[in-house]
Structure formats: structure tokens, C-alpha cells
Amino acid sequence: MIVRQLFVRQSRQFALNRQTRILSRFSSTGTPVETAEQTPAREVTQQPASSTSAVNEPGSVALSAKEAWRKREVQRHKFHALGSDVAVAYQPEDLIRNPPRPSDITLELLLASQTHLGHSTSRWNPQNSRYIFGIREGVHIISLDVTAAYLRRAAKVVEEVAARGGLILFVGTRKGQKRAVVRAAELAKGYHIFERWIPGSLTNGQQILGHCDTKVVNAFDEELPEFNDLRADQPAIKPDLVVCFNPVENVVLLHECGLNNVPTIGIVDTDADPTQVTYPIPANDDSLRSVAVIAGVLGRAGEAGQKRRLEEAKKGKITHRLPTLKELGIKLPENMAETTENKQ
């Protein structure tokens, strides 16, 4: 009899442990399950119904499963959140919408813009040796320190020309450079060419550009329509500065600028001739991102110069020379002409 009672008790404990394991497996990873203590069969039968295992109730099992599901979701979100946190990502439109300023020039920006990649060593121009950092896999690497220094110098030139009321012409005739060229001209309040340069536009400007409309403005950039007719017999206006983003394809333009003493700024790659431009910028001219960065910096520099010029004009200071009445072709009465000459 004693052996039979022990056998019955062990079988009941085994059944209870099996039920507990099944419920714990149903409630997944490590979820605590309220189970009754493993007590002898007599004590279990003597306990009231309210103190029996809470797992046997359907509502308790549903709550445990819901809590386990919630923990699995939290764990899944934490797992997918692991890894690198990409805070700054490259957006191609940012270089057009919000170009960098000259103060934003860093070696990291130039490196990410691929300005350091030159051409094959078989295509290099020996005059660019002072701009080359080294060779990697048969390709010349441009020194970013030199690029940053020359780009800051070119930005200063653009700013000072704009501050003195000069006309700046941005030229980029390579495919894909149109938006960057137009955006830089808009910021600097200059002019742009993104198609083929017409030969003779500077050396024979009166025949090619003489029919173009011109306008006369005051120091505040306000148009004076009453003086527009006086410009009919005047020669064609020439730019005070030309910024060329692909000098290799615009050799004729750079030659005409040299004949007319017009300073030029150009992106000089390892296969270009740096002596063709006045202020070279050693950089990669094949990458659209590199061109967009350089054009944005120069456009922002022109914008700063125009802003400074207007601020000085509001204070009564004219940063550029105003044309005389004789240059404008205005004839005054004799008495007024004598008074004007005495004042001069």
C-alpha cells in the first residue's frame, strides 16, 4: 500500500510538471508563469479552489501571451535599431538648393565631392605637378590642401568683384552642369552660359552682341528706363570676371578673355593647362558633385559681395566708379555744363 501511494503521488507530480512546461512554452521566452507550488497530493486536494494554479484560468493565460507578444515586439525593435546611426546623408539636391559657403570649405567636403580624383598618368599635364599629391592605381590624386586654398582665393576674388559692381559670367557647357551654373549666377546676380560659346563674342562683340538689350541701373540696382535709349550707340558690355567650369572645352573663350584683359577663374584638372586661366582651382572637373560644390561656393561668395555693396550704398558709399555724363552720352545745356565742369 505504501508503495502504491508513493507511485500515485509521483505520477501526479509528473503530470503537474508537464502541464507547467507546456504553459511556459506557450508563454515564450522567459515569461514568468504563475504556477502552484509542487506540494503533496493531499495538500493540493485540501486547498480551496481560489488558491489553485492561476495558469489554469483562461484569462490569465491570455494576459501572459499578450505580455509575451509585447516583449517580443520590443525586442524586435531593439534588434533592428542596432548598427550605425546615419545622421548626415548625402542628398544631391542640397548642393543646388542650399550651396555651401566659403566658410564651409573643409577637406572632408572636398573628399566626399571627389575633387581629388584626377586623370590617368598618361594624360597629365606636367605643369600641374605642383598640384598633384601622388599616384594611386595609375590615377593622379590632387592635393586637397591646395584645392581648398585656391578655392578660397577664387571665392575672395568673386566677392570683391561683386562688391564693386562688376559683371560676372559663369560658363559651364558640359552635360549636367546647367543647374549648378544657373544657380551660381542667380546667387551672384551675374550671367550664365550653359551651351556652346559663340566665338568672337568678346573680340567681335559689337557685331554679335550689339543687338542685345541693355538697361541702366542706379547704385541700388533700380532700373532707370529714361537712360536706356542712351545705350544704343554704346559698345557691347564685356564681363569683368569669367568663371569657367570646363576650361578644356572652352579654349576659345579663355583666349578671347586674355586678349581683352578679362580675368578668369577655372577648374583645372590634371590634363588641363593651368596657365590658360588667371585663378586656377585644381580639382576634378568630370564629377558633377565636385562642380556643384565649387559653383555653389563661388555663387555664395558673389551673393555676399552683392549684399555688402547694397549695404554700403544705403550708407551713401559707392563701392564702384560711376560713369560720367560724357560716357553716358548725355548733353546738358551750356550753363549747366559749365557748372558741372567747375564742380569736377
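So, here is what we can say about the structure in this document. Source: prediction; values computed, not measured. (Residues numbered from 1 in each chain as written. Predicted model: local features only at pLDDT ≥ 70, side-chain atom pairs only at ≥ 80, totals over all residues. Heavy atoms only, no water.)

**Comments concerning the sheet that holds strand β4 (residues 168-171)**
And step 1. Spatial strand order, β5-β4-β6-β7-β8: five strands in an open sheet with parallel pairing. Every interior strand has two partners, whereas the edge strands, β5 (191-193) and β8 (279-282), have only one. Each strand of the sheet is rotated relative to its neighbour by a mean of 20°, with strand direction disregarded.
And step 2. Pairing geometry for β4 and strand β6 (residues 241-244), over four bridges, is parallel. Its bridge partner lying in β6, phenylalanine 170 is registered against valine 243.
And step 3. Most of the contacts of helix α6 (residues 144-163) go to β8, to which it runs at about 140°, and overall it touches β4, β6, β7 (264-268) and β8. (Pairing = 2+ DSSP bridges. Helix = DSSP H or I, 4+ residues; strand = E, 2+ residues; numbered from the N terminus. Axes fitted to C-alpha atoms, helices over the stretch in contact; angles between N-to-C directions. Contact = heavy atoms within 4.5 Å.)

**Here we look at helix α10 (residues 288-314)**
It helps to recall that an α-helix has 3.6 residues per turn; residues three or four apart then point in one direction.
And step 1. Compared with an ideal rise of 1.5 Å per residue, which puts 27 residues at 39 Å, α10 spans 39 Å between its outermost C-alpha atoms and is within 8% of the ideal.
And step 2. Two residues or fewer after α10 comes glycine 316, characterised by a positive phi angle close to 90°. (Expected span 1.5 Å × (residues − 1).)

**Details of the environment of valine 158**
And step 1. Positionally, valine 158 belongs in helix α6.
And step 2. Taking the relative accessible area as the measure of exposure, valine 158 reaches 0% and is therefore buried.
And step 3. C-alpha of valine 158 to C-alpha of isoleucine 168: the two residues are ten residues apart in sequence and 7.9 Å apart in space.
And step 4. Discounting residues that sit within four places of it in the chain, valine 158 has contacts with Ile168, Leu241, Val243, Ile265, Leu298, Ala301 and Gly302. (Buried < 20%, exposed > 50% of the residue type's maximum accessible area, 1.4 Å probe, protein only.)

**A closer look at the packing of α6 against α10**
And step 1. Remark: α6 packs on α10, axes separated minimally by 7 Å, with the N-to-C direction vectors making an angle of 35°. With respect to the hand of their crossing, α6 and α10 are arranged in right-handed fashion. Only Ile294, Val297, Leu298, Ala301, Gly302, Ala304, Gly305, Gln306, Arg308 and Arg309 of α10 make contact with α6, whose side of the interface consists of Leu151, Ala154, Ala155, Val158, Glu159, Glu160, Ala162 and Ala163. (Left-handed = near helix turned anticlockwise from the far one by under 90°.)

**Comments concerning the sheet that holds strand β2 (residues 132-136)**
And step 1. Strand order in the open sheet made by the three strands is β1-β3-β2, with antiparallel pairing throughout. The strands lining the two open edges of the sheet, one partner per strand, are β1 (117-120) and β2. In this sheet, adjacent strand axes meet at a mean angle of 30° when their direction is disregarded.
And step 2. Bridge count between β1 and strand β3 (residues 139-142): two bridges; the pairing is antiparallel.

**With respect to the packing of helix α7 (residues 178-188) against α10**
And step 1. One way to put it is that α7 packs onto α10 with a least axis distance of 7 Å and a crossing angle of 15°. As judged from the angle between their axes, α7 and α10 are roughly parallel. Crossing of α7 over α10 shows right-handed handedness. Taken together, the residues of α10 that come into contact with α7 (itself represented by Ala180, Ala184, Leu187 and Ala188) are Ala292, Ala295, Gly299, Arg300, Gly302, Glu303 and Gln306.
And step 2. Residues of the contact of α7 with α10, tallied by class, amount to six nonpolar, three polar and two charged. (Parallel < 35°, antiparallel > 145°, perpendicular 65-115°, else oblique. Nonpolar A, V, L, I, M, F, W, Y, C, P; charged D, E, K, R; others polar.)

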